[in-house]
Structure formats: C-alpha cells, structure tokens
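Here is what each chain is made of, one letter per residue.
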Amino acid sequence: MKDPYEILGVQRTADEAAIKAAYRKLAKKHHPDVNPGKADAAARFGDISSAYDLLSDKEKRGKFDRGEIDAEGHEVHQQRQYYRDAPGAEAYGQGDPAGGFSQEDLEAFFSQAFGQAGKRSDWGATGRKRPGRDMQYSLTVSFVDAAVGTTRRIELPDGKTLDVRIPPGTEDGHVLRLRGQGGPGYNGAPAGDALIEITVVPDARFRRDGDDIITDVPVTLQEAVLGASLEVPTIHGPVKVSVPAGSGTGTRLRLRGKGIRHGHQFVQLQVVLPPGDEPELAAFLKTWTPKHGFNPREGA
C-alpha cells in the first residue's frame, strides 16, 4: 500500500481534524455504493479506510512516522545495534578484545536496562493492574443502512472479526462504543473498548431532517395538472403514491411511518417541462386564460 498520507492527501504534520475531514471526503466519493460498476472502487475505498485506520490511531501513527511499522501496520525488522556500538559503549567490555561481553558488561547492561539488581520495572513484573487501551476503527455505511439499521462485520488487524450493530438512525460521525472489544487488560484488569466511527455515504434520492426523510420526485406537467399514481423510493423500499390533480412544484405528500424510527417520509413534487418544442402546448397557452388568475411572484 502507498504512503497513507499520500492516499488521504494530507501533510505529515496534519492534525486529527484534518485527517478525519480528508477521510470523510474521500470515503463519500469513492464508496462502492456510489460507484456501481467500477471494478476499482472497492480497492480504492479499501486503501482509504486502511490509511485512515493507521493515521487515526495515535500509537500506530507514531510507529509509522518513526519507521517501526509499514503502511500496512506490519512491524519493520531493523538490524539491531550491538551494545558495544552504541554511544558510550566504550566504557564496557574493554577487557575483551575478541568482541564478546564480559560478566561485568552484562551486569552493567541489564542494570541499566531493567533497573536496580536487574529487576524489571514494567507492568507485568510489578503485578499492577492496567486496563486495556481503547482501539479506534472506522466503518462506512450507506445512507439507507444507517437509517434503518444493519449489522456489519469488520476485520481487526489481528485477523479476528467483529460484528457491529448499526442502530436505526445512526448519524454521520457517530462513534459506537463496544465494551470489552479493545486491547487486553493486564494482570486481571478489564479489556479496553472498541470505538467505531461511522461515516454515512450520502444518497442522491434522500435527505434527512431529524427522523423524517425528504425526497424530490419529478412529475410531468400533465401528471401535475390531471393527477397520477406514481411509484416512489423510500428507505424501506418503493411504494405507490397518488399525486392529486392540480399539484405544483413544492407540493408535499406525506408517507406515514416511512421515515427513521417513528418519523415520516415527505415526497416533494418537482414539475418538469418536456425537452424540446411542444407546438400544441404553446398554441393552447397563448389562448388560455386561467379561471383563477394569480401572480406567482406576488410578495416575492
């Protein structure tokens, strides 16, 4: 995988907010749901998600910046420097011209590395409890899945999988907390949590207003004037609606219970004229006088 900074298009000095903003913009543009039929969409989106997973984790980002892990999160094996080659090492082992360590060398080394009398000072040796750290992940879902709720499976860096339940009405940027699914605790302490940030991909058919859904539906002049029965999309699937005669652009039809949770869906009609010339319509309008005269621009 390429450099994660290049994939997200951010500088190496970018802060968390800039990295998050870049990820959201790219995720919504390259998600496979908005790129049907494009074979490379899934691969591109996978690179974007992997790059964000690495850079959004402070510990992983630090390791990557220091060259300790690669762009895929794998440890980079570097040739270890012998203690004798380290700065100040000339104070030790001077009595061993063959290049080995004397007993004094080893005792001094372990004393410096592990504390007095060679005793380790880490958490495991002291027996102190330490809760596992929280792990951060990102998950991108479609507008409909976020609206009605779904379950998605994500793969963790260690190869394990985690089923994530997306509650109905989940909003863009919402963070789900899965208790005990983070890093392991030490010496009997509880595991950390998995924090999963949700990115919702916009849907050209719908927009959200609280728990209500709004969709614009184009209708012909004839359908608007005479009325019609149309099939319209909802987040629960297509339904039939009746367009009342005499409807105009902006007329709203309410579909009860077709929104999020207990919300509704509102169908907003948009009257669209036919493309090209319509001589008969033009001739009729030249001689037509509305029965109820009005000025649509009055008060504007």
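The coordinates are above.
Residues numbered from 1 in each chain as written. Predicted model: local features only at pLDDT ≥ 70, side-chain atom pairs only at ≥ 80, totals over all residues. Heavy atoms only, no water.

**Student:** Provide a residue-level description of the overall build of the protein, including the pertinent values.
**Tutor:** Across its full length, the protein holds 9 helices and 11 strands. Each of the 300 residues in the protein was classed as buried or not, and the buried ones make up 31%. Taking the intrachain contacts of the protein between residues at least 6 apart in sequence as the baseline, contacts between residues at least 24 apart amount to 50%. By element, 51% of the accessible surface of the protein is carried by carbon and sulfur atoms, the whole surface being about 19400 Å². (Helix = DSSP H or I, 4+ residues; strand = E, 2+ residues; numbered from the N terminus. Buried < 20%, exposed > 50% of the residue type's maximum accessible area, 1.4 Å probe, protein only. Contact = heavy atoms within 4.5 Å. Areas by Shrake-Rupley, 256 points an atom, 1.4 Å probe, with all protein chains shown as cover.)

**Student:** Quick rundown of the nonpolar core? Include the residues and the values.
**Tutor:** By size, the foremost hydrophobic cluster in this structure holds 23 residues, and its most contacted members are Leu139, Ile154, Val164, Ile196 and Ile198. Mapped by element, the contributors of at least two residues to this core are strand S1 (135-142), helix H7 (143-148), strand S3 (161-166), strand S4 (175-178) and strand S5 (194-201). Setting aside anything within four residues of it in sequence, one finds Leu139 in contact with Arg152, Ile154, Val164, Ile166, Ile196, Glu197, Ile198 and Thr199. Core analysis: the next-biggest nonpolar cluster, separate from the first, contains 19 residues, Ala14, Ala51, Tyr52 and Ile69 among them. (Core = buried A, V, L, I, M, F, W, Y, C linked by side-chain atoms within 4.5 Å.)

**Student:** Please set out the sheet that holds strand S6 (residues 207-209) residue by residue, giving values where relevant.
**Tutor:** Pairing is mixed across the open sheet formed by 4 strands, whose spatial order is S6-S7-S11-S10. Edge positions in the open sheet fall to S6 and strand S10 (252-255), since each of these has one partner strand only. Across this sheet, the average inter-strand angle for adjacent strands is 35°, counted without regard to direction. Relative to strand S11 (residues 265-272), S10 runs antiparallel, the two being bridged by 4 bridges. Its bridge partner being in S11, Arg252 is matched across the sheet by Gln268. (Pairing = 2+ DSSP bridges. Axes fitted to C-alpha atoms, helices over the stretch in contact; angles between N-to-C directions.)

**Student:** Could you give an account of the packing of aromatic side chains, naming the residues involved and the relevant values?
**Tutor:** Applying the stated rule across the entire model yields 4 aromatic pairs. Ring centres of Phe284 and Trp288 lie 6.1 Å apart, and the angle between their planes is 20°; on these two criteria the pair is classed as stacked. For Trp288, a relative accessible area of 45% puts it in the partly exposed group. Its guanidinium or amino end placed over the ring of Phe266, Arg252 lies 5.0 Å from that ring's centre, counting from NZ or CZ. (Phe/Tyr/Trp six-rings, centres within 6.5 Å; stacked < 30°, edge-to-face > 60°. Lys NZ or Arg CZ within 6 Å of the ring centre and 35° of its normal.)

**Student:** Give me the lowdown on the sheet that holds S4, citing residues and values where you can.
**Tutor:** One open sheet accounts for 3 strands, arranged S1-S5-S4; its pairing is mixed. The sheet is open, and its two edges are formed by S1 and S4, each paired on a single side. Taking each pair of neighbouring strands and ignoring which way they run, the sheet shows an average axis angle of 25°. Contacts between helix H2 (residues 16-30) and the sheet are confined to S1 and S5, with S5 contributing the most and set at about 50° to the helix.

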